[in-house]
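# Results of the structural survey
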Amino acid sequence: METIEQTNRTILFEEFNPEKLDLITMIGDTKGLESLSDEKVKEINESLLVKSFDEFLDKFSPVIYSFYNAANQKVLYTLKKPENIPENCITEILITKQNDFLKMLLTLIDAKSAQGTPNVDFKFENLLDMISPKKVMDDIRQSRKEIHYLFNQYEAVDEGDPKKLDVGDKLNYMFEEASQNYNNVMAMLPLAIEDIKTRLLLGAGDGKDNNELLQIGVLSMGENGELKIIEAPKNESTALAVLDDKANTGLIKTFEEDYEAVTEGPSSYVKSLVVRTFCPLPSTIQSEVDVPTEVQNYNTYLEFYKNAKDDFIKTVKPLVEKIIGVKMFFDQYAVKNKGMQPSLLITNAKLDMTVKSNNLPRLDTFLNTVNAKNDFTNTIWFGIVPSVSMEVAAKAKLSRARFKGNENANDRQEVNTMESLVLLLNAIKDYKIQTFFNFECREETTFNYVATAGIDQFIDKCSGLLRKDYSEYAIACVPNFTIIPKDKSGVVLDNKMTVNEVGAAELSKDKENIMKLWIDGVYIGSSYIAAGLVAACQCPAFLQESFKNVNKAYPGVRFDLESADNALRVTTTLAKEISGFTNNIKSAINRRNFGFIFSSENAQVQGKYIKKITVYKARSLASDGDDFDAIYKTTVSTYIERILRFNSNDFKQDNIVYFFSKNPSSQKSAWLSGRGYINSIVQEGDDINYTIDDKNGLCNIDLTFNGNIKNLEVEITKSVASKA
């Protein structure tokens, strides 16, 4: 791989943060320009190119904006930064790996992958409650434990000791994380909810009734030796508080000062809440509690939290699905020793904006810069277009809605139109970018649907993309992956609280007092996984994880996922979702040989049970009328053309002749002698031949793959002198 060091850079046509730079903006006006400067390409890479999920989060900082409507007492969320609203009235919620919703989904994916359990048997409810106030508080308790541990270490070390400075750095980082929520009332609500529960339900076991008032006491012995629990004297309470404060005074003071320094409009209640959360004192339970008021606060907080969380998830879910798609792209490259690591260039612009008539010339100039030179460092090989519209049929009109039904299809999240996809494919075909695309994520595009209805609707939808110049560069990915099925996406946040006949607080068991929200299903676009897996297969080090006969000098351009048991050895990282497709469905898929089809089948390889989703078909939309072409044929053709251009000094005729000659040092001879590897450029049954059309100045190259011929045509450059 001395000439071409990478064959897996991928461009993603998607927007993640409108406030960040995008490809079209950075390219700028290209009128009169054939190419961009090296400095401009470097600038684009620095802003938009990522090689890991963490780098993606760091560069694009996906964010949700929230603000409050005093008229209806509601929290509003938006993906775009609101205009004409004062900055101090807008809260930015960064979607990082610490965000409870994203963290819950990533944990769910990991758990499901580790278990290999189909959707029907997986206990989604065991992980969905990670976004409940109780689970949010569990994470805070862990942070609290670490803060106390580090603070004690910090206090125990002498001033000037380098170890004290190292611990101080860790404490600063943890305080920074904690302080990010001081000004975010929504983030403080779970703390307030659990704080009230802790104080009001103290003494009541989980799920047990609490029909007695709580009065803190001390155990003592009477004059005759009898055991008694008597009410703790007030002076003992005070002494206890003093002892507690001495033990935690430094940390309490630090949190109080930090809260007041960071918060714009400090609240004594919130400050006390922060202190109680991170520095809980046994003495705090001694104070008088107004039970009815606290119960009312608790119920108000819980209902407000439920409604706000519901609205937040509806807004953030499309963004989070895209974010997880990026993670899944990188996750497919699961290797111990990295080699040709996949990289992702993110346009950060909506597809319909990218393909506008005034913007396509900019994209063309950029691709001409990175894909039409003999420097292959920045060459883009693959593309991803997620969420192409399926054009849902309109519902039958009703005179009145008797029952609550699904929302109108027109209210669905934004999708890419087929027209925009066609414009893109037509624009980038000359740069030989194989583009993976998937249809919009919903129940009708999942494994469950394909298992019952087959793939006919997807083939029909792609009919307009067949028999076109760009067909071999269009790869339809089916089906989409399910993180949480629609019917298993209910989350119980908590129960409302009531005051019983003795004046004690208890959790209500009435059905109407259970605070529950529905996530309404979460999905991953299959194009992310398909592109990620194919990009990973380009790396010899990745192939070595599953195969012994790998040539480190060759990329994986000729690796055929459909051949032999390759797909069972190189699986996705995601767990099976269903028990498999019926024989009739598989027969129909095999008969049509359409698309990049994923499979959730029971299978074994070398006695090992496969629990991950695998590739069943890996075809483009190029068709000879009876069959669709395997995607590797296009990749090999592109690779050979680029190697030929480089070695022949831009297709000089005498150099082309030498390239294909029987000379032992020719490129063809090297490839023929390098057969026998899983990633050989020319494999058993393959051949490469050429003919020169002097009249038209063309070189026709016939690439033979197991008896099937693919033609490659290049314009030759006449040499002044012939090669000896």
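What counts and how
- Residues numbered from 1 in each chain as written.
- Predicted model: local features only at pLDDT ≥ 70, side-chain atom pairs only at ≥ 80, totals over all residues.
- Heavy atoms only, no water.
- Helix = DSSP H or I, 4+ residues; strand = E, 2+ residues; numbered from the N terminus.
- Areas by Shrake-Rupley, 256 points an atom, 1.4 Å probe, with all protein chains shown as cover.
- Buried < 20%, exposed > 50% of the residue type's maximum accessible area, 1.4 Å probe, protein only.
- Pairing = 2+ DSSP bridges.
- Core = buried A, V, L, I, M, F, W, Y, C linked by side-chain atoms within 4.5 Å.
- Axes fitted to C-alpha atoms, helices over the stretch in contact; angles between N-to-C directions.
- Parallel < 35°, antiparallel > 145°, perpendicular 65-115°, else oblique.
- Contact = heavy atoms within 4.5 Å.
- Nonpolar A, V, L, I, M, F, W, Y, C, P; charged D, E, K, R; others polar.
- Patch = residues over 30% accessible without salt bridge, like charges linked within 9 Å, V, L, I, M, F, W, Y side chains within 5 Å.
- Salt bridge = Lys/Arg side-chain N within 4 Å of Asp/Glu carboxyl O.
- Lys, Arg positive; Asp, Glu negative; His and termini not counted.
- Charge placed at Lys NZ, Arg CZ, Asp CG, Glu CD.
- Phe/Tyr/Trp six-rings, centres within 6.5 Å; stacked < 30°, edge-to-face > 60°.
- Lys NZ or Arg CZ within 6 Å of the ring centre and 35° of its normal.
- Polar contact = N/O pair within 3.5 Å; in protein donor to acceptor, adjacent residues only side chain to side chain.
- Arc of directions from axis to C-beta.
- pLDDT = per-residue confidence, 0-100.

Below, the discussion takes up the overall build of the protein chain. From N to C terminus, the protein chain includes 23 helices and 25 strands. Within the structure as shown, the protein chain displays about 35,400 Å² of accessible surface, and the carbon and sulfur contribution to it stands at 47%.

In strand 16 (residues 514-518), alternate side chains face the same way, and those of M515 and L517 are buried while those of I514, K516 and W518 on the opposite face are not. Both strand 13 (residues 490-495) and strand 16 contribute to a ladder of 5 bridges, which runs antiparallel. By the bridge assignment for strand 16, V491 is matched with L517.

Looking now at the nonpolar core. Of all hydrophobic cores here, the largest spans 201 residues; its most connected members are F101, F437 and F596. The biggest single contributor to this core is helix 11 (residues 291-331), with 18 residues.

Attention now goes to the sheet that holds strand 4 (residues 74-78). Sheet architecture is open: 3 strands sit in the order 4-3-5, paired in antiparallel fashion. Looking at which strands have only one partner, the edges of the open sheet turn out to be strand 4 and strand 5 (91-94). Within this sheet the neighbouring strands show an average axis-to-axis angle of 30°, counted without direction. With 4 bridges joining them, strand 3 (residues 63-69) and strand 5 adopt antiparallel strand pairing. Paired with I64 across the bridge in strand 5 is I93.

So, about unusual backbone geometry. The peptide bond linking V478 to P479 adopts the cis configuration, its omega dihedral lying at -10°. The backbone of A564 sits at a positive phi, close to 45°, despite the residue not being glycine. Position of A564 relative to the elements: it lies in the loop between helix 18 (540-544) and helix 19 (566-569). A residue is classified by how much of its surface remains accessible, and A564, at 75% relative accessible area, is exposed. The backbone phi angle of N649 is positive, close to 55°, even though this residue is not glycine. Looking at the secondary structure, you find N649 in the loop between helix 21 (631-647) and helix 22 (653-659). For N649, a relative accessible area of 41% corresponds to the partly exposed category.

The next point concerns the packing of helix 6 (residues 133-156) against helix 10 (residues 268-278). At a closest axis distance of 9 Å, the pairing of helix 6 and helix 10 adopts a crossing angle of 75°. Relative to helix 10, the element helix 6 lies roughly perpendicular. Residues M137, I140, R144, I147 and H148 of helix 6 form the contact with helix 10, whose participating residues are R276, T277 and F278. Taken together, the residues that form the contact of helix 6 with helix 10 break down as 4 nonpolar, 2 polar and 2 charged.

Let us look at a negative patch on the surface. Negative charge collects at one region of the surface, where E34, D364, D430 and D469 lie side by side. Its place among the elements puts D364 in helix 13 (residues 360-371).

With respect to topology, 9 strands assemble into an open sheet ordered 2-8-1-9-10-11-18-21-22, the strand pairing being mixed. Looking at which strands have only one partner, the edges of the open sheet turn out to be strand 2 (49-50) and strand 22 (628-630). Of the strand pairs in this sheet, strand 11 (residues 474-478) and strand 18 (residues 596-599) are connected by 2 bridges, and their pairing is parallel. Note on strand 18: the bridge partner recorded for V478 is I597. The strands that helix 20 (residues 583-592) touches are strand 18, strand 21 (614-623) and strand 22; relative to strand 21, the one it contacts most, it runs at about 35°. In the packing of helix 21 onto the sheet, contacts are made with strand 9 (382-388), strand 10 (434-439), strand 11, strand 18, strand 21 and strand 22, and the angle to strand 22 comes to roughly 60°.

The next thing to look at is the packing of aromatic side chains. Inspection of the entire model under this criterion finds 24 aromatic pairs. Seen in terms of ring centroids, Y639 and W671 are 6.5 Å apart; in terms of plane orientation they differ by 40°. Their pairing is tilted. Here Y639 is found in helix 21, whereas its partner W671 is found in helix 23 (residues 667-673), with 32 residues between them in sequence. Each member of the pair, Y639 together with W671, is buried. Through pairs of rings, three or more aromatic residues link up here, namely F382, F436, F447, F481, F581, F596 and F598. Against the face of W381 rests R642, its NZ or CZ located 4.5 Å from the ring centre.

With that settled, the discussion passes to the environment of R569. Within the secondary structure, R569 sits in helix 19. For the pair formed by R569 and S546, sequence separation is 23 residues and the distance between their alpha carbons is 5.9 Å. When sequence neighbours within four positions are dropped, the list of residues in contact with R569 reads S546, F547, V605 and Q606. At a separation of 3.1 Å, a polar atom in the side chain of R569 contacts the side chain of D565.

This part is about the side chain of T7. Structurally, T7 is set in the segment before strand 1 (9-12). According to the relative accessible area criterion, T7 is buried, its value standing at 0%. Polar contacts involving the side chain of T7 include one to the side chain of Q538, which spans 3.0 Å. Contact partners of T7, with chain neighbours within four places excluded, come to M340, W381, F382, Q538, P555, V557 and Y639.

This next bit is on helix 2 (residues 38-48). An α-helical turn contains 3.6 residues, so a residue and the one three or four places further along point in the same direction. Turning to helix 2, its buried residues are V41, I44, N45 and L48. Here the buried residues of helix 2 occupy an arc of 100° about the axis, which is enough to place them on one side. Residues of helix 2 that are exposed and point more than 90 degrees away from the buried face comprise E39, K42 and E46. Summarising the contacts, the buried residues of helix 2 are in contact with strand 1, helix 1 (23-27), strand 2, helix 3 (53-60), strand 8 (343-346) and helix 13.

Tallied over the entire structure, the rule returns 27 salt bridges. Across the pair K74 and D311 runs a salt bridge, and its minimum N-O distance is 3.9 Å. Taken as a pair, K74 in strand 4 and D311 in helix 11 lie far apart in primary sequence, 237 residues in all. Given the relative accessible area of 38%, K74 is considered partly exposed.

Among the residues making up helix 14 (residues 418-428), those that are buried are M418, S420, L421, L424, L425 and I428. All buried residues of helix 14 fall inside an arc of 155° around its axis, so they share one side. Those residues of helix 14 that are buried are in contact with helix 12 (351-354), helix 13, strand 9, strand 10, helix 16 (456-461) and strand 11.

Another point: the confidence of the model for the protein chain. Residues with a pLDDT of 70 or more make up 87% of the protein chain, whose mean pLDDT is 86. Contacts for the low-pLDDT stretch residues 203-207, under 50 throughout, to residues beyond four places or in other chains number 2 contacts.

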